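Structural overview
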Amino acid sequence: MTQSDAQPSQDPAFEAAYQAAREGLREGGIPIGAALARGGMVIASGHNERVQNGDPIAHGEMSALRAAGRQKSYRDTTLYTTLAPCAMCAGTIIQFKIPRVVVGEARTFGGEFELLRSRGVEVVVLDDQRCVDMMRTFQEENPELWAEDIAE
Ligand SMILES: [Zn+2]
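Residues numbered from 1 in each chain as written. Predicted model: local features only at pLDDT ≥ 70, side-chain atom pairs only at ≥ 80, totals over all residues. Heavy atoms only, no water.

What the chain contains, in helices and strands, is seven helices and five strands. In the chain, the succession of α and β elements from N to C terminus is α-β-β-α-α-β-α-β-α-β-α-α. Relative to the globule expectation of 15 Å for 152 residues, the C-alpha radius of gyration of the chain, 14 Å, shows essentially globular dimensions. Along the first, second and third principal axes, the C-alpha set of the chain runs to 40 × 30 × 25 Å. Here the chain, with 152 residues, has 49% of them falling under the buried criterion. (Helix = DSSP H or I, 4+ residues; strand = E, 2+ residues; numbered from the N terminus. Rg over C-alpha atoms; globule rule 2.2 N^0.38 Å. Buried < 20%, exposed > 50% of the residue type's maximum accessible area, 1.4 Å probe, protein only.)

Before going further, it helps to spend a moment on the packing of helix α1 (residues 12-26) against helix α6 (residues 129-141). Two numbers describe how α1 lies on α6: the axes approach to 11 Å, and their chain directions differ by 20°. One way to sum up the angle between α1 and α6 is to call them roughly parallel. For α1 against α6, the interelement crossing comes out left-handed. Of the residues in α6, those in contact with Phe14, Glu15, Tyr18, Ala21, Arg22 and Leu25 of α1 are Arg130, Cys131, Met134 and Phe138. When the residues that make up the contact of α1 with α6 are grouped by side-chain class, the tally is seven nonpolar, no polar and three charged. (Axes fitted to C-alpha atoms, helices over the stretch in contact; angles between N-to-C directions. Parallel < 35°, antiparallel > 145°, perpendicular 65-115°, else oblique. Left-handed = near helix turned anticlockwise from the far one by under 90°. Contact = heavy atoms within 4.5 Å. Nonpolar A, V, L, I, M, F, W, Y, C, P; charged D, E, K, R; others polar.)

Summed over all chains, the structure comprises eight salt bridges. The residue Arg38 makes a salt bridge to Asp76 at a minimum N-O spacing of 3.0 Å. A residue pair is termed long-range when its members are at least 10 positions apart, and Arg38 in strand β1 (residues 33-38) and Asp76 in the loop between α3 (60-68) and β3 (77-83) qualify at 38 residues. Glu122 is the salt-bridge partner of Arg100, the closest N and O atoms lying 3.4 Å from each other. (Salt bridge = Lys/Arg side-chain N within 4 Å of Asp/Glu carboxyl O.)

Quick look at α6 now. The terminal C-alpha atoms of α6 lie 18 Å apart, and with 13 residues this matches the ideal 18 Å at 1.5 Å per residue to within 8%. Those residues of α6 lying buried are Arg130, Cys131, Val132, Met134, Met135, Phe138 and Gln139. Where α6 is buried, its residues meet α1, β3, β4 (100-105) and α7 (143-149). Structurally, the start of α6 carries an N-cap: the backbone nitrogen of Arg130 is 2.9 Å from a side-chain oxygen of Asp128. (Expected span 1.5 Å × (residues − 1). Polar contact = N/O pair within 3.5 Å; in protein donor to acceptor, adjacent residues only side chain to side chain.)

Once that is clear, we can look at empty space enclosed by the protein. Under the defined criterion, the tally for this structure stands at one cavity of 30 Å³ or more. Considering only enclosed or pocket space, the largest cavity measures out at about 90 Å³ in volume. Looking at the largest cavity, it is lined by 13 residues, and the ones nearest its centre are Ile32, His59, Leu83, Ala84 and Asp149. When residues of the lining of the largest cavity are traced back to their parent elements, those giving at least two are α3 and α7. When grouped by side-chain class, the residues that make up the lining of the largest cavity number eight nonpolar, three polar and two charged. (1 Å grid on protein atoms, 1.4 Å probe; cavity = no way out; pocket = protein on both sides within 12 Å on 5 of 7 lines; lining within 4 Å. Points joined across faces, edges and corners; volume = space filled by probe spheres on them.)

As structure tokens, this is what we get:
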């Protein structure tokens, strides 16, 4: 069974984030995707583009938020991401007052759950095996690129 054949999530917004990550992988980038949704409807999705665009800030969450454009309020939105958010993305989630984050997995990168929760953000972890497999394979094949992405 290939990764793309693995059991899909029931949530279309999470699926949009996952498909964005796959698109990033096909482009030769880091396979992390995200989507911003309101009331179950996807506003926009995006993926990590630091390799494609030479942009160190273009994490998946940042790309999805940029693609969504200006929003009057984020208080009724949910941010979906295939991987636990880093400090930069967690800070942006807090800054925009996004109340809820749904995370594909936190096994390959622990992220900043404590920071998010300390600021009242609800964090849901799906522990999606496809996301774990995708990141493990990427990290094994591209250790330098991965270390650069998380500044280690
Ligand atoms: Zn990030």
